[in-house]
Amino acid sequence: MNIARRPRVGHIAFLNCLPIYWGLARTGALLDIDLHRAPPDELSRRLVAGDLDIGPITLVEYLKHADDLLLIPDPAVAADGPVLSVNLVTKTPLADLPAAPRVSLASTSRTGVLLGRMLLEDRYGRTPAYTVTAPDLQSALADADAAVLIGDEALQVFHEHRHREPGGLNVLDLAAEWKDWTGLPMVFAVWAVRRDYAEAHPGLVKDVHLAFRDSVRRSRDEIGEVVASAARWEPFPPAALAEYFERLQFGLSERHLAGLREFASRASRYADMAPLRAGGPEFFAAGPDNSL
């Protein structure tokens, strides 16, 4: 890229985005971008503030700031059924949860938190009292009946408690519950570009989009190597990682967009956001082909 400053691109510091990072490293595209690794809420804040040019943003924050952003078609973080790492953890079976349960929001993803609230209040008919806690299970359940847990910690809890024993914790996969409720996939994060940056540098944005697209394709083709590499330093066996990466979806099909729009329509009563524009969301329109 023949520019003075490489595009500032965000990368989620969770295991769910390892395949994306793997592909960028394998294709060499990392050399052409200024990569910033952080938790989802921090990356969302930086993109909205203009401290990043392109990057992942939780769906809730995208919906709040859609006028300033354009979506990139891929990657995304989504699931059409169980995702394993976005969970409601309860001390009792869901049916025995109190009418006004104490619920910890132990998450760095506003979208996962909002999904948990929607399900608890609209689907299960509870009126919870919420508190925000550290993103670990012990802190979250210390003074609560349930906790919304997201990310690597949630994945660990899922594997520890997937074979439930009497008196043990109950782990409810919120993406699976969303699909059972709506019949649609759940989109947790999208990749977006600041509208002003896209207007000034359309060729560079297309370069980054193509790099991400090729990264996802490469990681899918070499998923065995991704799993073997991750298993050396992550606290999960290869079979668990393979299952997780198989569940995750990294693109936006028409079904995913339908799920995104459905979430947006339901989310407006919970968060300060305008409805999506008719025909939305709005995508970046690629310029001339001058790929990396």
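Quick note: structure is the one above.
All figures in this text were calculated on a predicted structure; none of them were measured in a lab.

Peer 1: Which parts of the structure should I look at to understand the overall build of the chain?
Peer 2: If you tally the helices and strands in the chain, you get 12 helices and 10 strands. Taking 19 Å as the expected radius of gyration for a compact globule of 292 residues, we find that the chain reaches 19 Å, a close match to that expectation. Seen through its principal axes, the chain has C-alpha atoms that stretch 60 × 45 × 30 Å. Burial statistics for the chain: of 292 residues in total, 53% are counted as buried. By sequence separation, contacts in the chain at least 24 residues apart represent 83% of the contacts at least 6 residues apart.

Peer 1: What is the right way to read unusual backbone geometry from this model?
Peer 2: Glycine aside, negative phi is the norm for most residues, and most peptide bonds take the trans geometry. Here D74 and P75 are connected by a cis peptide whose omega angle stands at 5°. Geometrically, the link from G280 to P281 is a cis peptide bond, its omega value of 5° lying close to zero. With respect to the helices, strands and loops of the structure, P281 is situated in the segment after α12 (254–267). The residue L84 is not glycine, and still its phi comes out positive at about 80°.

Peer 1: Any chance you could explain empty space enclosed by the protein here in plain terms?
Peer 2: To find leftover empty space, a probe the size of one water molecule is rolled over the atoms. Applying the stated rule across the entire model yields 1 cavity of 30 Å³ or more. In this structure, the largest cavity spans a volume of roughly 150 Å³. In terms of lining, the largest cavity is formed by 16 residues, of which the most central are N16, V77, S109, I150 and F188.

Peer 1: Any chance you could explain the sheet that holds strand β5 (residues 86–90) here in plain terms?
Peer 2: Sheet strands line up and pair through hydrogen bonds in the backbone, either parallel or antiparallel. The mixed open sheet is built from 5 strands, whose spatial order is β7-β6-β8-β5-β9. One side of each edge strand has no neighbouring strand; the edge strands of this open sheet are β7 (129–132) and β9 (170–173). Geometrically, the sheet is characterised by an average inter-axis angle of 25° between neighbouring strands, direction not taken into account. Sheet topology note: the strand β6 (residues 102–106)/strand β8 (residues 146–150) ladder contains 4 bridges and is parallel. Paired with A106 across the bridge in β8 is L149. The sheet strands contacting helix α4 (residues 110–123) are β5, β6, β7 and β8, and the helix crosses β8 at an angle near 145°. Sheet strands touched by helix α6 (residues 152–161): β5, β8 and β9. Its angle to β8, the strand with the most contacts, is close to 120°.

Criteria and thresholds
Residues numbered from 1 in each chain as written. Predicted model: local features only at pLDDT ≥ 70, side-chain atom pairs only at ≥ 80, totals over all residues. Heavy atoms only, no water. Helix = DSSP H or I, 4+ residues; strand = E, 2+ residues; numbered from the N terminus. Rg over C-alpha atoms; globule rule 2.2 N^0.38 Å. Buried < 20%, exposed > 50% of the residue type's maximum accessible area, 1.4 Å probe, protein only. Contact = heavy atoms within 4.5 Å. 1 Å grid on protein atoms, 1.4 Å probe; cavity = no way out; pocket = protein on both sides within 12 Å on 5 of 7 lines; lining within 4 Å. Points joined across faces, edges and corners; volume = space filled by probe spheres on them. Pairing = 2+ DSSP bridges. Axes fitted to C-alpha atoms, helices over the stretch in contact; angles between N-to-C directions.

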